[in-house]
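Listed below are the residues making up each chain.
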Amino acid sequence: MSSETPRIDPSEIAGSVHPVFRLIAQVKQQPTESTLILASPTVGNEMITLNDVRVSMNKQFQIGDWYEFVCRSSDSGEVGFLVLDAVLCQLQEGEEISIDGIVALQQLAKKFPDIY
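**Describing the side chain of Ser-40**
Here Ser-40 shows up in strand S2 (residues 35–42). With relative accessibility at 0%, the residue Ser-40 sits in the buried group. At a separation of 2.7 Å, a polar atom in the side chain of Ser-40 contacts the main-chain carbonyl oxygen of Ile-24. Residues contacting Ser-40, with those up to four places away along its chain left out, are Pro-10, Leu-23, Ile-24, Ala-25, Glu-46, Met-47, Ile-48, Leu-50 and Gln-106.

What follows is the structure, given as structure tokens:
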């Protein structure tokens, strides 16, 4: 199952051969009910901004929160993608998300596609 919806690095979205993929990202803005602006980490702790991400569900996202998104790549050959589902990365009070951990998870998922 996890190999069918792999976690990918945000720098690989445009060249991904997977029609459905997972992405861990922080919500920066929700300009409209059906679009998001996300920031997702890549190698070197760089954050890649993903603009005008389309959302298929009627959901208000919390700005600044981290989610794992299940996405579908664009059928029309565009760089964009559509969010099919999202799961909030629950952090306890005082906890912070590890950017290095997210990048390591994305790299491990490429080497070992059957890990969850």
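**Focus: the pattern of salt bridges**
Inspection of every chain in the model, using the stated rule, returns 2 salt bridges. Across the pair Glu-68 and Arg-7 runs a salt bridge whose closest N-O atoms are separated by 2.8 Å. A residue pair is termed long-range when its members are at least 10 positions apart, and Glu-68 in strand S4 (residues 66–73) and Arg-7 in the segment before strand S1 (20–32) qualify at 61 residues. The two residues Glu-68 and Arg-7 agree in class, both being buried.

**A look at the sheet that holds S2**
The sheet built from 5 strands closes into a barrel, its strands ordered S1-S2-S3-S5-S4 with mixed pairing. Shown here is a sheet whose adjacent strand axes are inclined to one another by a mean of 50°, direction ignored. Summarising the sheet, strand S3 (residues 46–55) and strand S5 (residues 81–88) pair through 2 bridges and their orientation is parallel. For Val-55, the partnering residue across the bridge sits in S5 and is Val-83.

**Some thoughts on the environment of Cys-71**
Residue placement: Cys-71 occurs in strand S4. Linking Cys-71 and Phe-21, residues 50 residues apart in sequence, is a C-alpha distance of 5.4 Å. Setting aside anything within four residues of it in sequence, one finds Cys-71 in contact with Pro-19, Val-20, Phe-21, Phe-81, Leu-82, Val-83 and Leu-84.

**As for the packing of aromatic side chains**
Each aromatic ring pair is described using two quantities: the centre-to-centre distance and the angle formed by the ring planes. If you walk through the whole model with that rule in mind, you get 4 aromatic pairs. For the pair Phe-61 and Tyr-67, a centre-to-centre distance of 5.1 Å together with 80° between the ring planes defines the contact as edge-to-face. In terms of burial, Phe-61 and Tyr-67 fall into one category: buried. Their ring planes at 45° and their centres at 5.9 Å tell us that Phe-61 and Phe-69 sit as a pair that is tilted. For the pair formed by Phe-61 and Phe-69, the shared burial category is buried.

**Brief notes about unusual backbone geometry**
Phi angles above zero are rare outside glycine, and Asn-45 is one such case at about 60°. Tracing the chain through its elements places Asn-45 in the loop between S2 and S3. For Asn-45, a relative accessible area of 43% corresponds to the partly exposed category. Even without a glycine there, the phi angle at Asp-52 is positive, about 50°. Classification of Asp-52 by relative accessible area gives exposed; the value is 58%.

**Considerations on the nonpolar core**
When a protein is soluble and globular, its nonpolar side chains tend to lie buried together. Ranked by size, the top nonpolar core spans 20 residues in total, and within it Leu-36, Leu-38, Leu-50, Phe-61, Phe-69 and Phe-81 carry the most contacts. Not counting the four nearest positions on each side in its chain, Phe-61 is found in contact with Val-27, Gln-30, Leu-36, Val-55, Tyr-67, Phe-69 and Ala-86.

Scoring rules and cut-offs
- Residues numbered from 1 in each chain as written.
- Predicted model: local features only at pLDDT ≥ 70, side-chain atom pairs only at ≥ 80, totals over all residues.
- Heavy atoms only, no water.
- Helix = DSSP H or I, 4+ residues; strand = E, 2+ residues; numbered from the N terminus.
- Buried < 20%, exposed > 50% of the residue type's maximum accessible area, 1.4 Å probe, protein only.
- Polar contact = N/O pair within 3.5 Å; in protein donor to acceptor, adjacent residues only side chain to side chain.
- Contact = heavy atoms within 4.5 Å.
- Salt bridge = Lys/Arg side-chain N within 4 Å of Asp/Glu carboxyl O.
- Pairing = 2+ DSSP bridges.
- Axes fitted to C-alpha atoms, helices over the stretch in contact; angles between N-to-C directions.
- Phe/Tyr/Trp six-rings, centres within 6.5 Å; stacked < 30°, edge-to-face > 60°.
- Core = buried A, V, L, I, M, F, W, Y, C linked by side-chain atoms within 4.5 Å.

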